[in-house]
Amino acid sequence: MTSFRSGEAQIETRFISSLSELSADQWNALASDTNPFMRHEFLSGLEQHVPLAEHGWYPQHLLLFEDQRPVAAMPLYLKSNSWGEFVFDWAWAEAYERSVGPYYPKLVSAVPFTPVTGPRLLQQAGPVSERRAAIILEAIQAYVEQRNLSSFHCLFPADQELNRYTDAGLLIRQGCQYHWVNQGYADFQEFLSTLSAKKRKRIRRERREVEQAGVEFQVYSGHQISDELWGLCHQLYCSTFHYKGNTPRLTLEFFKHLGDKMPAETLIFTASLNQKIIAMAFAMRDENTLYGRHWGCNLELRHLHFELCYYQTIDYCITNGLQCLNAGAQGEHKVGRGFSPVKTASAHYIPDESFAIAVRDYLRRETGAIDRYVDELDAHSAYRQTDVQI
């Protein structure tokens, strides 16, 4: 804890190991109302219902108080590995341990297991002020240095925060995701009409095959999801991880918690055959964006994944007036189905000067490669050349 006086206000920074130390109202007054993953209900739900420590996540959130009133914050975690971050620094860790020393633990600002861009510097009623941002980042840098941590990493911060990090001397890294943008389409058919003939024909063929198989679809919001349905959906969610030889992170209790505490933001898309659910896609939403997060199935059907996770969710966005579908990390195949490459960012503080110089040089070359990659994907857009996409 650090305390000092600035002008008339007594300033204090404090690190807490659990969001239970702050009420939902206090935290949510700082967090953006437009991003469900920054809500107290989501982050505290992870702490309550997911064994974060078993996966290497240890909460260490930073709060900024003025005259004992919380006025700004940043979600933080000490990390003992790099799993669940989606900004891959395994090569950095290996190089650091060869040349400097232990890379872990490190300090990370992120939403566990969630590669979604959003606010990280939090403040009531709007973007965090320059003064408060500077105090928070100075406290983080001091924390890293005093505890001899290798580094601090802010993952998927909102674009309007990037200047705060560069002003504090942090290094900026670029990444790439694939988002679908609603151009004010009246329906799915109007969206299809903007695609090239080849891409339009393929999507229609894929959808027709699933329809002819007799698959039916349904969307449920939080309070509509029964315990039985949650249980089935969690089984399907786990099946995807087990199929790939990985361990599922999110628990059934966490999913139920979201359905209860964030019913309007929590969605399940289901696919049924002969009145039995064979696949599900878990998503969250806010006023503008649908976030596709996880899927699972117990029956392999050709094109079912594309239909449930892309075409049904695109249709949902059009019907409900949402501006964007964020379908998560990876997947170049999304470009041929109407998604566009979108650059993401992360910010990094490395106290070791020699290693920071090496990383800066690496990022310069990597940024150029990302720029070329996005340009190449844009050149293979699914849209007709006469249509300009954002």
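Participant: Pulling in residues and values, what's your account of the nonpolar core?
Facilitator: Within the largest apolar cluster, 45 residues are counted, with the highest numbers of intra-cluster contacts made by Trp27, Phe42, Leu43, Leu46, Leu250 and Phe282. By residue number, the principal contributor to this core is helix H8 (residues 227–243), which donates seven residues. Leaving out residues up to four positions away in the same chain, Phe42 has contacts with Pro36, Phe37, Val111, Thr114, Phe254, Leu258, Met262 and Met284. By size, the runner-up hydrophobic cluster in this structure holds 42 residues, among which are Tyr178, Leu267, Cys309 and Ile314.

Participant: Can you explain the side chain of Glu47? Please cite residues and give values.
Facilitator: Mapped onto the secondary structure, Glu47 falls in helix H2 (residues 40–49). Within the buried set, Glu47 has no salt-bridge partner at all; the shortest N-O distance to an opposite charge, 14 Å, is to Arg120. Within the local environment of Glu47, its side chain forms a polar contact with the side chain of Ser18, the two groups lying 3.3 Å apart. Here the side chain of Glu47 touches His61 through a polar contact of 2.8 Å, side chain to side chain. Ignoring anything within four residues of it in the chain, the contact list for Glu47 reads Ser18, Leu19, Ser20, Leu52, Pro59 and His61.

Participant: Let's hear about the packing of H2 against helix H9 (residues 252–261): which residues, and what values?
Facilitator: Direction vectors running N to C along H2 and H9 enclose 150 degrees, while the axes themselves pass 9 Å from each other. Taken together, the axis directions place H2 and H9 in an arrangement best described as roughly antiparallel. Viewed along their axes, H2 and H9 form a crossing whose handedness is right-handed. Every residue of H9 that contacts H2 at Glu41, Phe42, Gly45, Leu46, Gln48 and His49 is listed here: Glu253, Phe254, His257, Leu258 and Lys261. Split by residue class, the contact of H2 with H9 holds four nonpolar, four polar and three charged.

Participant: Lay out helix H10 (residues 304–320) with the relevant residues and their values.
Facilitator: With 17 residues, H10 should cover 24 Å at 1.5 Å per step; its first-to-last C-alpha distance of 22 Å lies within 8% of that length. Looking at the residues trailing H10, positive phi occurs at Gly321, about 70 degrees.

Participant: Provide a residue-level description of the sheet that holds strand E11 (residues 216–221), including the pertinent values.
Facilitator: Ordered in space as E3-E6-E7-E9-E16-E10-E15-E14-E13-E12-E11, the eleven strands form an open sheet in which the pairing is mixed. Of all strands in the sheet, those with a lone pairing partner are strand E3 (57–59) and E11, marking the two edges. Sheet twist, expressed as the mean angle between neighbouring strand axes with direction ignored, is 30 degrees. Looking at chain direction, strand E6 (residues 77–79) and strand E7 (residues 106–109) are connected through three bridges and run antiparallel. Its bridge partner lying in E7, Tyr77 is registered against Val108.

Participant: Outline the pairing of E7, supporting the account with residue identities and numerical values.
Facilitator: The two faces of E7 match: Lys106 and Val108 on one face and Leu107 and Ser109 on the other face are all buried. In this structure, E7 lies alongside strand E9 (residues 152–155), joined through three bridges in parallel fashion. What sits directly across from Ser109, in E9, is Cys154.

Participant: Describe helix H11 (residues 353–379), naming the residues involved and giving the relevant values.
Facilitator: Taking 1.5 Å of rise per residue, 27 residues should cover 39 Å, and H11 covers 39 Å from first to last C-alpha, within 8% of that figure. Where H11 is concerned, the buried positions are Phe355, Ala356, Val359, Leu363, Glu366, Gly368, Ile370, Val374 and Leu377. Packing partners of the buried residues in H11 comprise helix H3 (90–99), strand E10 (171–181) and strand E16 (340–349).

Participant: How would you summarise the pattern of salt bridges if you had to cite specific residues and measurements?
Facilitator: Throughout the structure, instances matching the rule amount to 16 salt bridges. With a shortest N-O distance of 3.0 Å, Glu66 and Arg131 are connected by a salt bridge. Residue Glu66 is found in strand E4 (residues 61–66), and its partner Arg131 is found in helix H4 (residues 130–146); the two are separated by 65 residues along the sequence. A residue is classified by how much of its surface remains accessible, and Glu66, at 11% relative accessible area, is buried. The partly exposed category is assigned to Arg131, whose relative accessible area is 38%. Note that Glu85 is salt-bridged to Lys106, the shortest N-O span being 3.0 Å. You can see Glu85 sitting in the loop between E6 and H3 and its partner Lys106 sitting in strand E7, a full 21 residues away along the chain. Taken as a pair, Glu85 and Lys106 share a single burial class, namely buried. One connected set of salt bridges, linked through shared partners, spans Lys79, Glu85, Asp89 and Lys106.

Participant: Give me a nonpolar patch on the surface: which residues, what numbers.
Facilitator: Side chains of Trp83, Phe86, Phe88 and Trp90 sit close together on the surface and give an oily, nonpolar patch of about 440 Å² of accessible area. With respect to the secondary-structure elements, Trp90 resides in helix H3.

Quick notes on the rules
- Residues numbered from 1 in each chain as written.
- Predicted model: local features only at pLDDT ≥ 70, side-chain atom pairs only at ≥ 80, totals over all residues.
- Heavy atoms only, no water.
- Core = buried A, V, L, I, M, F, W, Y, C linked by side-chain atoms within 4.5 Å.
- Buried < 20%, exposed > 50% of the residue type's maximum accessible area, 1.4 Å probe, protein only.
- Helix = DSSP H or I, 4+ residues; strand = E, 2+ residues; numbered from the N terminus.
- Contact = heavy atoms within 4.5 Å.
- Lys, Arg positive; Asp, Glu negative; His and termini not counted.
- Salt bridge = Lys/Arg side-chain N within 4 Å of Asp/Glu carboxyl O.
- Polar contact = N/O pair within 3.5 Å; in protein donor to acceptor, adjacent residues only side chain to side chain.
- Axes fitted to C-alpha atoms, helices over the stretch in contact; angles between N-to-C directions.
- Parallel < 35°, antiparallel > 145°, perpendicular 65-115°, else oblique.
- Left-handed = near helix turned anticlockwise from the far one by under 90°.
- Nonpolar A, V, L, I, M, F, W, Y, C, P; charged D, E, K, R; others polar.
- Expected span 1.5 Å × (residues − 1).
- Pairing = 2+ DSSP bridges.
- Patch = residues over 30% accessible without salt bridge, like charges linked within 9 Å, V, L, I, M, F, W, Y side chains within 5 Å.
- Areas by Shrake-Rupley, 256 points an atom, 1.4 Å probe, with all protein chains shown as cover.

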